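Each chain is listed here by its residues.
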Amino acid sequence: MTDSSEPAIMQSFYRIPRFSGLILGIWPEDKRSWDKNLLYAFGFLVILIGACGENLYGFANLDNLVSALEAFCPGSTKAVCVLKLSIFFMYHRQWFGFVERLRGLLCATRSDEAQRMLVGLSTIANRLSLLLVSSGSITNTAFNVQPLIMGLLRWLRELPGQVELPFNIILPDWATQSPFFPLSYLLLTASGACTVFAFSFIDGFFVCSCMYISGVFWIIQQDIRSIFVDLDEAEFFTPATNAAIRTRLVSIIDRHNTIIDLSTDLTRQFTVIVLMHFLSAAFVLCSTILDIMLNTSSFSGLTYICYTIAALTQLFLYCYGGNHVSESSLAVADTLYDVAWYKCDARTRKMILMILRRSQRAKTIAVPFFTPSLPAFSSVRRDYLGKYT
């Protein structure tokens, strides 16, 4: 790999989240063009219409639990989606700066081993994002196709009735009658599709960012080991050797501080998003399970099974990404402890201690009341699904 070539990681850098973000016109850029703002306005508007109409329907039909839950589930999901899109749009310049800083750290190391590791982490993150797109798209398709299938069956059996909208929603009377009914159906279909792309972008952006941050922590570990790899046979380090170690440690300290600052920025920007997502996910999981148990239609039950899988996938992405950041940041301390630091002079040991003390406190994507991690995901899965399986 030559210095003039593009690092391998750039070929998969935020690939799936970038695709979804460009569709919605929300991918972070330094200067936003009018067409991107138009795309964003359309997506935001149709999601907002779905969120308001569906939640209003749920409150208006609380006497019918099944109908209310069928409205609240997608309605609450879209409401959280509106919040996420609003936060990303308001802070798009900060997100652009975050992406550029992270890009610089990933491109700084051109070694084949480091780039292969980063590409592997990026591939995992993009596949998880693709899984979210797939599960969300299947769920949205089920919602949109179900009324058409039920309407077709009623027509074939010559039963009374008409094709219903894909979501339980309150709309003006004229919007549910001819000739505007097909347009309303398409609008709600677009609302569901934009919701899927919005979650794919935002949740995928989070897990990709976490994987890239953990990759930089891994590179720091490798760089620390490389300093001492040829010095293990020496009984003590000479002044010249200590000076050379300190020179290389300065660069490592700078990168370590930079990646810690990036982790802090990611935590600060995602605090509200993660908190609201977990609160809404708890409601959605309980609601979908109740829908599956109470609904007499096998097709509706299948739809909400898909919905549950999509909701769990979203939670897993946050917990998986947060867990990687925490473990990789702590691993830096273990690496420092394993090297021959005791052969260094006092000045060099102080520099090593500086990195050690900072890395002993794991960088976590903490929000009020909990921290996204794999044990947290296991607890959610056990609490909300274990009792029903």
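Refer to the preceding data block for the structure.
The residue count restarts for each chain, going from 1 along the sequence in the order it is written. A pLDDT threshold of at least 70 governs which residues receive local features in this predicted model, and a stricter bar of 80 or more applies before side-chain atom pairs are shown or counted, although totals over entire chains, interfaces and linings include all residues. Only hydrogens and water are removed before side-chain values are computed, so all heavy atoms of the structure are retained for them.

## Section: the overall build of the protein
Secondary structure follows DSSP: runs of H or I at least 4 residues long count as helices, runs of E at least 2 residues long count as strands, and numbering of each begins at the N terminus. Along the backbone of the protein there are 10 helices and 0 strands. Seen in sequence order, the protein has helices and strands lined up from the N terminus as α-α-α-α-α-α-α-α-α-α. The dimensions of the protein, computed from C-alpha atoms along their principal axes, are 95 × 50 × 30 Å. Only heavy atoms matter for contacts: two residues are in contact if any of them lie within 4.5 Å across the pair. Once local pairs closer than 6 in sequence are excluded, the contacts in the protein between residues at least 24 apart make up 82%. One way to put it: in the protein the 31 positive side-chain charges average out to a point 5 Å from where the 29 negative ones average out. Counting rule for charge: Lys and Arg are taken as positive, Asp and Glu as negative, and neither His nor the chain ends is counted. The atom standing in for a charge is NZ when the residue is Lys, CZ when it is Arg, CG when it is Asp and CD when it is Glu.

## Examining the packing of helix α1 (residues 15–24) against helix α5 (residues 112–156)
In contact at an axis separation of 7 Å, α1 and α5 are set at 45 degrees when each is read in the N-to-C sense. The pairing of α1 with α5 is recorded here as oblique in orientation. Contact with α1, carried on its side by R15, I16, P17 and S20, involves N126, S129, L130 and V133 of α5 and no other residues of that element. Charged means Asp, Glu, Lys or Arg here, nonpolar means Ala, Val, Leu, Ile, Met, Phe, Trp, Tyr, Cys or Pro, and polar covers whatever is left, Gly included. Per-class residue counts for the contact of α1 with α5 are 4 nonpolar, 3 polar and 1 charged. Angles here are taken between N-to-C directions and fall from 0 to 180 degrees, while the axes themselves are lines fitted to C-alpha atoms, restricted in helices to the stretch in contact. The cut-offs work like this: below 35 degrees is roughly parallel, past 145 is roughly antiparallel, 65 to 115 is roughly perpendicular, and the gaps in between are oblique.

## Notes on unusual backbone geometry
Along the chain, S178 connects to P179 via a cis peptide bond; the corresponding omega equals 5 degrees. Secondary-structure assignment places P179 in the loop between α5 and α6 (181–228). The backbone of Y14 sits at a positive phi, close to 50 degrees, despite the residue not being glycine. Of note, Y14 is situated in the segment before α1. For every residue, the accessible area obtained with a 1.4 Å probe (protein chains only) is divided by the maximum for its type, and the residue is called buried under 20%, exposed over 50%, and partly exposed between those limits. Residue classification places Y14 among the buried positions, given a relative accessible area of 0%.

## Observations regarding the packing of aromatic side chains
Ring pairs are drawn from Phe, Tyr and Trp, using the six-membered ring of Trp, whenever the two centres fall within 6.5 Å, and their geometry is named by plane angle: stacked under 30 degrees, edge-to-face over 60, tilted for the rest. The tally for this structure, following the rule as stated, stands at 31 aromatic pairs. Their ring planes at 85 degrees and their centres at 5.4 Å tell us that F88 and F205 sit as a pair that is edge-to-face. With F88 in helix α3 (residues 65–90) and F205 in helix α6, this residue pair connects regions lying 117 residues apart in the sequence. The burial state of F88 is the same as that of F205; both residues are buried. One cation-aromatic arrangement involves K78 over F167; the distance from NZ or CZ to the ring centre is 3.8 Å. Whether a charge lies above a ring is judged from NZ of Lys or CZ of Arg, which has to be within 6 Å of the ring centre and within 35 degrees of the ring normal.

## A short note on helix α4 (residues 92–108)
Take the number of residues in a helix, subtract one, and multiply by 1.5 Å to get its expected span. Compared with an ideal rise of 1.5 Å per residue, which puts 17 residues at 24 Å, α4 spans 24 Å between its outermost C-alpha atoms and is within 8% of the ideal. Buried-residue contacts for α4 involve α3, α5, α6 and α7 (239–294).

## Points about the nonpolar core
Nonpolar side chains in soluble globular proteins tend to end up buried together. Residues Y14, F98, F205, I259 and F270 are the most contacted members of the largest nonpolar core, which totals 97 residues. For this core, the element with the highest residue contribution is α6, accounting for 23 residues. Setting aside residues no more than four positions away along its own chain, F270 makes contact with F88, W95, I202, F205, F206 and Y318. Definition of nonpolar core: a set of buried residues of the types Ala, Val, Leu, Ile, Met, Phe, Trp, Tyr and Cys, connected through side-chain atoms within 4.5 Å.

## Let's talk about the packing of α1 against helix α2 (residues 34–60)
Between α1 and α2, the shortest axis-to-axis distance is 7 Å and the interhelical angle comes to 90 degrees. Relative to α2, the element α1 lies roughly perpendicular. Touching L22, I23 and L24 of α1 are K36, L39 and Y40, all from α2. Its residues placed into classes, the contact of α1 with α2 shows 5 nonpolar, no polar and 1 charged.

## With respect to the state of the cysteines
Two cysteine sulfur atoms make up a disulfide if the distance between them is within 2.5 Å. Applying the stated criterion across every chain yields a total of 0 disulfides. Its sulfur unpaired, C81 is 8.6 Å from the next cysteine sulfur, which belongs to C194. Overall, C81 belongs to the buried group, its relative accessible area being 0%.

Note that every value here comes from positions in space, so none of it alone points to a role or purpose.
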